[in-house]
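Structural description and commentary
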Amino acid sequence: MEKIRMLSTLGLMGAMRSLSTAFEAASGIHVDADFAPTLALLKRLRAGEAADLVILTREGLDEMIGEGRVIADSAADLARSYVGLAVRTGAPHPGIANEAALRKTLLAARSVAYSRLGASGVYFAQLIVRMGIAAEINAKATIVEQGFTAERLVSGEADLAVQQISELKQVEGIEVIGPVPHDLQTPAVFSAGRMVDAKQAEGAEALLRYLASPQVVPVLRRSGLEP
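Numbering of residues starts from 1 in every chain and runs along the sequence as written. In view of the model being predicted, local features appear only for residues whose pLDDT reaches at least 70, and side-chain atom pairs are presented and counted only at 80 or more, with totals across whole chains, interfaces and linings using the full set of residues. Computation of side-chain values covers all heavy atoms of the structure but excludes hydrogens and water.

1. So, helix α1 (residues 13-27)
In this model, α1 (15 residues) spans 20 Å end to end at C-alpha, consistent with the 21 Å of a helix rising 1.5 Å per residue. Exposure categories follow from relative accessible area, calculated using a 1.4 Å probe and restricted to protein chains: below 20% of the type maximum is buried, above 50% is exposed, and the middle band is partly exposed. Starting at the N terminus, helices and strands are each numbered in turn, a helix being any DSSP run of H or I of at least four residues and a strand any DSSP run of E of at least two. For α1, every residue scored as buried is listed here: M13, G14, A15, M16, L19, S20 and F23. We call two residues in contact when some of their heavy atoms are within 4.5 Å. If you follow the buried residues of α1, they end up packed against β1 (2-9), β2 (29-36), β3 (53-57), α9 (201-211) and α10 (217-222). Phi turns positive, to about 75°, at G28, one or two residues after α1. Here the expected span of a helix is defined as 1.5 Å times the quantity of residues minus one.

Next comes the structure, spelled out in structure tokens:
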């Protein structure tokens with residue numbers, strides 16, 4: 001069976017697991033997928049790691065195109081993702097409907113888990129600076145190097161987790177309370193592109209076409225993404 005190697009941002013992990021299976025059944029092409037935060041993937045690609053297809057934030061993909069690693073014409077925006085907050089299953093859902101409510105909820109939390117390397121973590125670190133509460137939040141934050149912040153809710157280390165909603169939804173035993181108010185965030189756009197030195201160029205093109213097609217929209221929505 002033909003195999004294509006895909007490096008994908010964690011934000012699409014939930015959707016890609018079922019989409020890869022459907023693609024394999026339809027095409028007979030196996031997708032060997034590896035998931036990590038965009039910044040970690042950029043580092044690996046710059047160190048020479050081989051792949052046929054990459055899914056990164058739009059900014060990350062543009063950097064790879066600029067460096068001549070990804071074919072510009074192959075780039076396709078797949079999904080939009082908002083940063084949200086979650087609590088452990090059964091915990092009360094605090095208010096986050098507007099900036100004042102969000103500030104109150106963040107300050108009241110025993111510990112907020114957020115990621116260091118992911119796009120959501122970079123955004124959240126800037127948000128709490130803008131809101132003027134960075135010192136208070138960081139004094140009690142649970143910083144996750146990479147992976148899913150909501151796992152820290154299940155372990156009891158934190159009582160609020162911040163990440164892309166699609167990433168929060170990957171963890172059992174938690175409840176997403178909603179997105180950070182939309183006027184406080186710009187959604188991340190996840191985009192795919194074919195590597196210039198792809199060994200399986202045709203297979204990568206076929207997967208790209210499939211991921212950009214309307215039939216994948218319901219799967220994206222179920223995993224917390226907007227097409």
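Next comes the rest of the account.
2. Quick look at the packing of helix α2 (residues 38-46) against helix α3 (residues 58-66)
Axes here refer to lines fitted to C-alpha atoms; in helices the fit is confined to the stretch in contact. Angles between the N-to-C directions go from 0 to 180 degrees. The N-to-C vectors of α2 and α3 enclose an angle of 15°; their axes lie 10 Å apart at closest approach. Considered as vectors, α2 and α3 are oriented roughly parallel to each other. Considering only the axes of α2 and α3, their crossing is right-handed. Here α2 contributes T38, L42, L45 and R46 to the contact with α3, which in turn contributes G60, E63 and M64. Across the contact of α2 with α3, the residue classes tally to 3 nonpolar, 2 polar and 2 charged. Working rule for angles: under 35 degrees goes down as roughly parallel, over 145 as roughly antiparallel, 65 to 115 as roughly perpendicular, anything else as oblique. Throughout, a crossing is termed right-handed when the near helix is turned clockwise from the far one, and left-handed when it is turned anticlockwise from it by less than a right angle. The nonpolar class holds Ala, Val, Leu, Ile, Met, Phe, Trp, Tyr, Cys and Pro. Asp, Glu, Lys and Arg form the charged class, and all remaining residues, Gly among them, are polar.

3. Remarks on the environment of G203
By the secondary structure assignment, G203 is in helix α9. Expressed as a C-alpha distance, the spacing of G203 and H30, which sit 173 residues apart in the sequence, is 9.2 Å. Once you skip the residues sitting within four places of it in the chain, G203 turns out to touch E2, I4, F23 and I29.

4. With respect to the packing of α1 against α9
When two helices pack together, their arrangement is given by the angle between their axes and by how far apart the axes lie. At a minimum axis distance of 11 Å, the contact between α1 and α9 shows a crossing angle of 120°. What the angle tells us is that α1 and α9 run oblique. The chirality of how α1 crosses α9 is right-handed. On α9, the residues that touch M16, L19, A22 and F23 of α1 are G203, A206, L207, Y210 and L211. Tallied by class, residues from the contact of α1 with α9 come to 8 nonpolar, 1 polar and no charged.

Purely geometric numbers; function is a separate question.
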